[in-house]
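Overview (structure and organization)
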Amino acid sequence: MTARAARRLADAPALIDEHGQCSWAELDARVNRLVRALRAAGLQPGERIALFAGNRRGVFELMAAAIHCGLFYVPINWHFSVDELAYVLADSGAVGVLTDSQFAATAAAALQRSPAAGARLRACIALAPDVCPAGFTDFEALIAAQPDASEPADQQAGGPMFYTSGTTGRPKGVR
């Protein structure tokens, strides 16, 4: 998904946020490393990873990696309370969660509120090292731990799993 753009637009900016930017070539390398990191954590095609963070480059990088390795990513509204987040983490069957410093305390509390969801997780990732809850891995350290930035083999299509608004009861996951 990113390789073709990386070849054509190598040095052009791909993602920009208040924390910096990355080029298309950098994005491709980071996504490839993330695919390897998610696989190394034991995440399998068809499984889900929850995204409880604001609009940051890392979120988009992880969404691209999830798509490359057959995972479904579950974007979760960052306005959710601990109880709402705990429900979605449990209901979605998420085996991974990504959060950032702004929402780390809520994510940690939701995992404590839903022990079954917490026990199932194989990848807990924090986008900002300034607030990294116990049991979470720093996003940049996760990427750096995978030295191979080449295109991973055996890529499979993943995609989003959205939750409905829950107007007739509890929100429901829709792929």
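Thresholds, definitions, all that
- Residues numbered from 1 in each chain as written.
- Predicted model: local features only at pLDDT ≥ 70, side-chain atom pairs only at ≥ 80, totals over all residues.
- Heavy atoms only, no water.
- Helix = DSSP H or I, 4+ residues; strand = E, 2+ residues; numbered from the N terminus.
- Rg over C-alpha atoms; globule rule 2.2 N^0.38 Å.
- Buried < 20%, exposed > 50% of the residue type's maximum accessible area, 1.4 Å probe, protein only.
- Contact = heavy atoms within 4.5 Å.
- Expected span 1.5 Å × (residues − 1).
- Core = buried A, V, L, I, M, F, W, Y, C linked by side-chain atoms within 4.5 Å.
- Pairing = 2+ DSSP bridges.
- Axes fitted to C-alpha atoms, helices over the stretch in contact; angles between N-to-C directions.
- Parallel < 35°, antiparallel > 145°, perpendicular 65-115°, else oblique.
- Left-handed = near helix turned anticlockwise from the far one by under 90°.
- Nonpolar A, V, L, I, M, F, W, Y, C, P; charged D, E, K, R; others polar.
- pLDDT = per-residue confidence, 0-100.

**Some remarks on the overall build of the protein chain**
For the protein chain, the helix and strand inventory stands at seven helices and ten strands. Here the protein chain has a C-alpha radius of gyration of 16 Å; the compact-globule value for 175 residues is 16 Å, and the two agree. Judged by the C-alpha coordinates and their principal axes, the protein chain covers about 45 × 30 × 30 Å. For the protein chain, with 175 residues in total, the buried portion stands at 50%. Of the contacts made within the protein chain by residues no fewer than 6 positions apart, 73% connect residues no fewer than 24 positions apart.

**Some points on helix H2 (residues 24–40)**
The end-to-end C-alpha separation of H2 is 24 Å, in line with the 24 Å expected for 17 residues at 1.5 Å each. Regarding H2, the residues found buried are Leu27, Asp28, Ala29, Arg30, Val31, Asn32, Leu34, Val35, Arg36, Ala37 and Leu38. Just downstream of H2 lies Gly42, where phi reads positive at about 95 degrees.

**Details of the side chain of Gln146**
Locating Gln146 in the fold gives a position in the loop between helix H7 (139–144) and strand E8 (159–160). Accessibility expressed as a relative area gives 17% for Gln146, which makes it buried. Residues contacting Gln146, with those up to four places away along its chain left out, are Arg33, Arg36, Ala37 and Ala40.

**Some remarks on the nonpolar core**
If you look at the biggest cluster of nonpolar residues, it comprises 29 residues, and the most contacted ones within it are Leu38, Ile49 and Leu98. In terms of nonpolar packing, the next biggest core, distinct from the first, is built from 23 residues, Leu89, Ala110, Cys124 and Tyr163 among them.

**What about the pairing of strand E3 (residues 48–52)?**
Of all five residues that make up E3, five are buried, and the element is covered over most of its length. Because side chains alternate across E3, one face comprises the buried residues Arg48, Ala50 and Phe52, and the other comprises Ile49 and Leu51, equally buried. Bridge count between E3 and strand E4 (residues 72–75): four bridges; the pairing is parallel. Paired with Ile49 across the two strands is Tyr73, which belongs to E4.

**Things to note about the packing of H2 against helix H3 (residues 57–68)**
With their axes 8 Å apart at the nearest point, H2 and H3 run at an angle of 60 degrees to one another. The angle between the axes of H2 and H3 places the two elements in the oblique class. Classified by chirality, the crossing of H3 by H2 is right-handed. Each of Leu27, Arg30, Val31, Leu34, Val35 and Leu38 in H2 lies in contact with H3, whose residues at this interface are Glu61, Leu62, Ala64, Ala65, Ala66 and His68. Residue composition of the contact of H2 with H3, grouped by class: nine nonpolar, one polar and two charged.

**So, the environment of Ala65**
Relative to the assigned elements, Ala65 resides in helix H3. With sequence-adjacent residues up to four places away left out, Ala65 is seen in contact with Val31, Leu34, Val35 and Leu38.

**What to know about the confidence of the model for the protein chain**
Chain-level pLDDT for the protein chain is 89 on average; 98% of the residues reach the 70-or-more range. The secondary-structure element of the protein chain with the lowest mean pLDDT is helix H6 (residues 115–120), recorded at 78, while E4 shows the highest, at 96.

**Digging into the sheet that holds E3**
Strand order in the open sheet formed by six strands is E7-E6-E5-E3-E4-E8, and the pairing between neighbours is parallel. The outermost strands of the open sheet, each flanked by one partner alone, are strand E7 (137–138) and E8. Of the strands in this sheet, E3, E4 and strand E5 (96–99) are in contact with helix H4 (residues 82–92), which crosses E3 at around 165 degrees.

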